[in-house]
Amino acid sequence: MTPNRKILLVNGANLHLLGKREPHIYGSTTLDDIVGRLKNTAKKYNVDILHIQSNHEGELVDKIGELGLLAPPHEQFDAIIINPAGFTHTSVILRDALTATGKPFIEVHLSNIHAREPFRTHSYFSDKAVGVICGLGDKGYDFALDYFVTHLYQDKT
Ligand code: DQA
């Protein structure tokens, strides 16, 4: 059966460096590993994961808008899992792009942003998110996917 269920996975700036970047904070798992694992899990539930990563705020805004509002309905996604990375603490335009889609999203951070520098405690996303997962390392992405699989598609399985 062709999956018609799509979840958009968005990773912000510097997350392409996972595995090499400050592993004592972000762990040693690479972004490819995380995305591959999520895609495999999602497949079991007949869900496609569309992944985008960029270090450029405007590029993420463009892609979210295209996929969320301009793509034909069957190509659009149902929900978003996002680690906005540094954009978490700075980006009104990325927040606006997400809310413009009208889709539910979960905010994920590998590190516990509340146990670090004070500027990291503020997020432009959390008040609009279905939920926020932080401090659980890359498992946070799996938990977010699990939530959507069990809640979003619950009545359609
Ligand atoms: C991060 C936390 C952010 O403060 C930081 O800028 C990142 C990664 C995390 O996953 O822990 O780049 O989002």
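Residues numbered from 1 in each chain as written. Predicted model: local features only at pLDDT ≥ 70, side-chain atom pairs only at ≥ 80, totals over all residues. Heavy atoms only, no water.

**Quick look at the overall build of the protein chain**
Reasoning step 1: When you go through the protein chain residue by residue, the secondary structure sums to five helices and five strands.
Reasoning step 2: Secondary structure elements in the protein chain, listed N-terminal to C-terminal, are β-α-α-β-α-β-α-β-β-α.
Reasoning step 3: Radius of gyration (C-alpha) of the protein chain: 15 Å, near the 15 Å computed for a compact globule of 157 residues.
Reasoning step 4: Its C-alpha atoms put the protein chain at 45 × 30 × 25 Å along the principal axes.
Reasoning step 5: Put simply, the protein chain has 157 residues, and 43% of those count as buried.
Reasoning step 6: In the protein chain, of all internal contacts separated by at least 6 residues, the share reaching a separation of at least 24 is 76%.
Reasoning step 7: Charged side chains of the protein chain number 16 positive and 18 negative; the gap between the two group centres comes to 4 Å. (Helix = DSSP H or I, 4+ residues; strand = E, 2+ residues; numbered from the N terminus. Rg over C-alpha atoms; globule rule 2.2 N^0.38 Å. Buried < 20%, exposed > 50% of the residue type's maximum accessible area, 1.4 Å probe, protein only. Contact = heavy atoms within 4.5 Å. Lys, Arg positive; Asp, Glu negative; His and termini not counted. Charge placed at Lys NZ, Arg CZ, Asp CG, Glu CD.)

**Side note on the site of the ligand**
Reasoning step 1: Lining the immediate environment of the ligand, one finds Arg21, Tyr26, Asn83, Ala85, Gly86, His89, His109, Leu110, Ser111, Ile113, Arg116 and Arg120.
Reasoning step 2: In the environment of the ligand, an oxygen atom lies 2.7 Å from a nitrogen or oxygen atom belonging to the side chain of histidine 89.
Reasoning step 3: One of the side-chain N or O atoms of arginine 120 is found 2.8 Å from an oxygen atom in the ligand.
Reasoning step 4: In isolation the ligand exposes 320 Å². Once the protein is present, 97% of that is buried.
Reasoning step 5: Here the residues of the shell around the ligand are counted per class, giving four nonpolar, five polar and three charged. (Near = heavy atom within 4 Å. Polar contact = N/O pair within 3.5 Å; in protein donor to acceptor, adjacent residues only side chain to side chain. Areas by Shrake-Rupley, 256 points an atom, 1.4 Å probe, with all protein chains shown as cover. Nonpolar A, V, L, I, M, F, W, Y, C, P; charged D, E, K, R; others polar.)

**Structural notes on the pattern of salt bridges**
Reasoning step 1: Per the counting criterion, the structure on display carries seven salt bridges.
Reasoning step 2: With its nearest N and O atoms 3.9 Å apart, the salt bridge here joins arginine 116 to glutamate 117.
Reasoning step 3: On the basis of relative accessibility, which here comes to 23%, the residue arginine 116 falls in the partly exposed class.
Reasoning step 4: Where arginine 120 meets glutamate 117, a salt bridge forms, and the shortest distance between an N and an O atom there is 2.6 Å. (Salt bridge = Lys/Arg side-chain N within 4 Å of Asp/Glu carboxyl O.)

**Let's talk about the nonpolar core**
Reasoning step 1: Membership of the largest hydrophobic core comes to 25 residues, with the highest contact counts inside it found for Ile7, Leu9, Leu18, Ile81, Tyr141 and Leu145.
Reasoning step 2: Listed by contribution, the elements that provide at least two residues to this core are strand S1 (5-11), helix H2 (31-44), strand S2 (47-53), strand S3 (79-83), strand S4 (105-109) and helix H5 (139-151).
Reasoning step 3: Apart from the residues within four sequence positions on either side, leucine 9 is in contact with Val35, Leu38, Ile49, Leu50, His51, Ile52, Ile81 and Tyr141. (Core = buried A, V, L, I, M, F, W, Y, C linked by side-chain atoms within 4.5 Å.)

**Here's the deal with the pairing of S1**
Reasoning step 1: In terms of burial, S1 is largely enclosed, as seven of its seven residues are buried.
Reasoning step 2: Here S1 shows two buried faces, one formed by Arg5, Ile7, Leu9 and Asn11 and the other by Lys6, Leu8 and Val10.
Reasoning step 3: Examined bridge by bridge, S1 and S2 share seven bridges and lie parallel to one another. Residue pairing in the sheet places leucine 9 in a bridge with histidine 51 of S2. (Pairing = 2+ DSSP bridges.)

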